[in-house]
Amino acid sequence: MAITKDDIIKALEEMKLTELNDLVKAIEDHFGVVAAAAVAAPSADAGASAAPSEVSVMLTNPGGNKVSVIKLVKEITGLGLMEAKKLVDGTLPVALKENVKVEDAEEIKKQLVEAGASVDLK
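First, a word on what this report is: a plain description of the structure on this page. Here the structure is a predicted model, which is why all the values come from computation and not from measurement.

1. Some words on helix α2 (residues 17-31)
- Across its 15 residues, α2 extends 21 Å between first and last C-alpha, which sits within 8% of the 21 Å expected from 1.5 Å per residue.
- One or two positions beyond α2, positive phi appears at Gly32, with a value near 70 degrees.

As structure tokens, then:
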């Protein structure tokens, strides 16, 4: 009587982890192979669909020209001048805009970087 795949799987389910490890080593030695998990490379389409459609614009450092950055933050966020100043002078990093389309976020980042700030998109 031949052993079926189901018989082998059932036997593996009943084994302890150390016994499974010993079995794998014995198979490697017997057949001259190395057991390694197969890693599938993602296709180009999968990578494109996995990219976020919306991101947050995070101010990480206002840089040396704080006045220009504060003015830009005021325009970008719609805050008053004092609120924008408190945001820039506060604890960093801080989200200036959340759930923004990637294209819009890139434009905001470009403006802030030109003013001397450091910005991340998350």
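Additional details are given in the paragraphs that follow.
2. Focus on the side chain of Ser56
- Within the element layout of this structure, Ser56 appears in strand β1 (residues 54-61).
- Relative accessible area serves as the criterion here: at 14%, Ser56 is assigned to the buried category.
- The residues contacting Ser56, other than those within four sequence positions of it, are Lys97, Glu98, Asn99, Asp120, Leu121 and Lys122.

3. Details of a negative patch on the surface
- Taken together, Glu103, Asp104, Glu106, Glu107 and Glu114 make up a surface patch of like negative charges.
- Structurally, Glu114 can be placed in helix α6 (residues 102-114).

4. Re the nonpolar core
- Counting residues in each nonpolar core, the largest one holds 19 residues, and the members touching the most others are Leu59, Val69, Val73 and Leu112.
- Those elements that provide at least two residues to this core are β1, α4 (66-77), α5 (81-89), β2 (94-101) and α6.
- No other element matches the 5 residues that α4 contributes to this core.

5. What to know about the sheet that holds β1
- One open sheet accounts for 3 strands, arranged β2-β1-β3; its pairing is antiparallel. If you trace the sheet from one side to the other, it starts and ends with β2 and β3 (118-121), each paired once. The average undirected angle you get between the axes of adjacent strands in this sheet is 25 degrees.
- Both β1 and β3 contribute to a ladder of 4 bridges, which runs antiparallel. Looking at the pairing, Asn61 lines up with Ser118 of β3.
- Packing against the sheet, α6 makes contact with β1, β2 and β3, and its axis sits at approximately 145 degrees to β2.

6. Focus: the pattern of salt bridges
- Summed over all chains, the structure comprises 2 salt bridges.
- The residue Lys66 makes a salt bridge to Asp89 at a minimum N-O spacing of 3.0 Å. Here Lys66, found in helix α4, pairs with Asp89, found in helix α5; they are 23 residues apart in sequence, far enough to count as distant.
- Of the residues examined, Lys66 reaches a relative accessible area of 36% and is grouped as partly exposed.
- One salt bridge in this structure joins Asp89 and Lys85, with 2.6 Å as the shortest N-O distance.

7. Points about a nonpolar patch on the surface
- On the surface, Ile3, Ile8, Leu12, Leu23, Ile27, Phe31 and Val33 cluster together into a nonpolar patch covering about 630 Å² of accessible area.
- Within the residue set of the nonpolar patch, elements represented by two or more residues are α1 (5-14) and α2.
- Ranked by residues supplied to the nonpolar patch, first place goes to α2 with 3 residues.
- Looking at the element boundaries, Leu12 is found in helix α1.
- The exposure class of Leu12 is partly exposed, given its relative accessible area of 32%.

The rules behind the values
Residues numbered from 1 in each chain as written. Predicted model: local features only at pLDDT ≥ 70, side-chain atom pairs only at ≥ 80, totals over all residues. Heavy atoms only, no water. Helix = DSSP H or I, 4+ residues; strand = E, 2+ residues; numbered from the N terminus. Expected span 1.5 Å × (residues − 1). Buried < 20%, exposed > 50% of the residue type's maximum accessible area, 1.4 Å probe, protein only. Contact = heavy atoms within 4.5 Å. Patch = residues over 30% accessible without salt bridge, like charges linked within 9 Å, V, L, I, M, F, W, Y side chains within 5 Å. Areas by Shrake-Rupley, 256 points an atom, 1.4 Å probe, with all protein chains shown as cover. Salt bridge = Lys/Arg side-chain N within 4 Å of Asp/Glu carboxyl O. Lys, Arg positive; Asp, Glu negative; His and termini not counted. Charge placed at Lys NZ, Arg CZ, Asp CG, Glu CD. Core = buried A, V, L, I, M, F, W, Y, C linked by side-chain atoms within 4.5 Å. Pairing = 2+ DSSP bridges. Axes fitted to C-alpha atoms, helices over the stretch in contact; angles between N-to-C directions.

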